[in-house]
Amino acid sequence: MPTSIPSSWMPDAAMKRVHVHWTAGGHTANSTDKKSYHILVEGDGNLVRGDKSIAANAPGAPSSGHASHTKNANTGAIGISMCSMTGARESPFSSGSNPLQEIQWDTMIKAAAQLAKRYDIPVTRQTILTHAEVQPTLGILQNGKWDVTRLSFTNAFVGHRPIGDEMRRRIAIELDGLNPSMHGALSSDLRLPRFRVKGVAPSTLNFRSSPGGDKVGELPENTLVERIAMQQAWWQVRTPQGHVGWVSSDFLVAVS
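In this text, all values refer to a predicted model and were calculated from it rather than measured experimentally.

Conventions adopted
- Residues numbered from 1 in each chain as written.
- Predicted model: local features only at pLDDT ≥ 70, side-chain atom pairs only at ≥ 80, totals over all residues.
- Heavy atoms only, no water.
- Helix = DSSP H or I, 4+ residues; strand = E, 2+ residues; numbered from the N terminus.
- Buried < 20%, exposed > 50% of the residue type's maximum accessible area, 1.4 Å probe, protein only.
- Areas by Shrake-Rupley, 256 points an atom, 1.4 Å probe, with all protein chains shown as cover.
- Lys, Arg positive; Asp, Glu negative; His and termini not counted.
- Charge placed at Lys NZ, Arg CZ, Asp CG, Glu CD.
- Salt bridge = Lys/Arg side-chain N within 4 Å of Asp/Glu carboxyl O.
- Core = buried A, V, L, I, M, F, W, Y, C linked by side-chain atoms within 4.5 Å.
- Contact = heavy atoms within 4.5 Å.
- Pairing = 2+ DSSP bridges.

(A) Quick peek at the overall build of the protein chain. Within the protein chain, the regular secondary structure consists of four helices and 12 strands. Of all 256 residues assigned to the protein chain, the portion counted as buried reaches 49%. Accessible area for the protein chain stands at about 11,200 Å²; split by element, carbon and sulfur atoms hold 49% of it. Side-chain charges in the protein chain split into 26 positive and 21 negative, and the spacing between the mean points of these groups amounts to 2 Å.

(B) Just the pattern of salt bridges, in detail. For the structure on display, the rule yields nine salt bridges. Here Arg-170 and Asp-106 are joined by a salt bridge, their closest N and O atoms 3.0 Å apart. Linking Arg-170 in helix H4 (residues 160–178) with Asp-106 in helix H2 (residues 102–118), this pair joins segments that are 64 residues apart in sequence. Taking the relative accessible area as the measure of exposure, Asp-106 reaches 24% and is therefore partly exposed. Between Arg-168 and Glu-133 there is a salt bridge, with the nearest N and O atoms lying 2.8 Å from each other. Of this pair, Arg-168 sits in helix H4 while Glu-133 is found in helix H3 (residues 131–138), placing the two residues 35 residues apart along the sequence. Neither residue differs from the other here; Arg-168 and Glu-133 are each classed as buried. A cluster of three or more residues bridged by salt bridges with shared partners is formed by Arg-125, Glu-133, Arg-161, Asp-165 and Arg-168.

(C) Spotlight on the nonpolar core. Formed by 36 residues in total, the largest nonpolar core has its most connected members in Trp-105, Met-108, Leu-115 and Ile-171. A total of eight residues in this core trace back to one element, the largest contributor, which is H2. If sequence neighbours within four positions are ignored, Leu-115 has contacts with Ile-5, Met-10, Val-18, Ile-39, Ile-54, Ile-78, Asp-120 and Ile-121. Ranked by size, the runner-up nonpolar core spans 11 residues in total, among them Phe-207, Trp-235, Val-237 and Val-247.

(D) A look at the pairing of strand E6 (residues 194–197). Sheet topology note: the E6/strand E9 (residues 224–231) ladder contains three bridges and is antiparallel. Bridge assignment links Arg-194 to a residue of E9, and that residue is Glu-226. Pairing of E6 with strand E12 (residues 252–255) involves four bridges; the strand directions are antiparallel. Looking at E12, one finds that Arg-196 is bridged to Val-253.

(E) Layout of unusual backbone geometry. Here the residue pair Asp-147 and Val-148 is connected by a cis peptide bond, since its omega of 15 degrees sits within 30 degrees of zero. Tracing the backbone shows Val-148 in the loop between H3 and H4. Of note, the amide linkage connecting Ala-201 to Pro-202 takes the cis form, showing an omega dihedral of 10 degrees. Among the secondary structure elements, Pro-202 is positioned in the loop between E6 and strand E7 (205–208). For Asn-222, which is not glycine, the phi dihedral falls at a positive 80 degrees. Along the chain, the position of Asn-222 falls in the loop between strand E8 (215–219) and E9. With a phi close to 55 degrees, Gln-232 is a non-glycine residue in the positive phi region. Secondary-structure assignment places Gln-232 in the loop between E9 and strand E10 (234–238). Under the relative-accessibility criterion, Gln-232 is labelled exposed at 78%.

Structure representation (structure tokens):
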């Protein structure tokens with residue numbers, strides 16, 4: 001089984017979000033899991049393709065054929081789920097008989113970065129989020145779903161926002177490696193100055209349409225950007241995915 005998403009699993013589709021789940025089952029994907037999610041991460045880190053194509057959840061596709069991974073929030077959303085957490089309890093916390101494995105988390109990060117790159121999905125709290133973040137962030141009721149508010153393998157992050165922000169930070173770093181233009185594909189004399197977002201965690205850096213203009217996204221801590229232009233304290237930058245916008249230079253640190 002693959003540990004990265006084959007291109008054949010990612011058909012052309014206008015996808016807008018990635019929702020990250022756990023299955024609340026065992027470490028092996030079962031038939032119910034495959035009906036519910038587009039991509040599953042088994043206990044050993046291997047990926048399994050769900051029964052429904054990602055394109056089945058694209059806007060305009062019949063809802064009867066989509067993967068129903070998130071209540072009332074499936075259109076335009078890709079569902080990736082880590083096979084784990086049978087019998088888990090939120091409080092007092094118990095990870096159950098099939099705890100989430102660190103290798104599953106790491107594989108999910110890489111897979112989510114692939115999906116973000118393939119479908120041009122920016123890494124923001126509104127566009128790449130855990131199931132537990134859907135209700136507080138998008139305002140869509142989820143009947144108390146708490147995946148992912150705890151990580152079985154570490155206590156360093158607890159709660160939907162800290163874990164979601166750490167997930168997006170890791171995805172942003174992973175995207176650096178998926179975009180050769182950010183790693184010297186241009187000759188040294190043509191390469192734009194590069195910076196990392198620093199000092200915004202646990203929040204994010206607002207990404208704006210113009211200097212001080214409308215917010216169009218968010219950049220997590222450690223996101224790598226290229227500087228295109230400057231207007232006093234506002235800098236125009238390009239993200240690893242090619243999005244161009246304006247940010248406050250107070251939160252950018254130069255990298256070599």
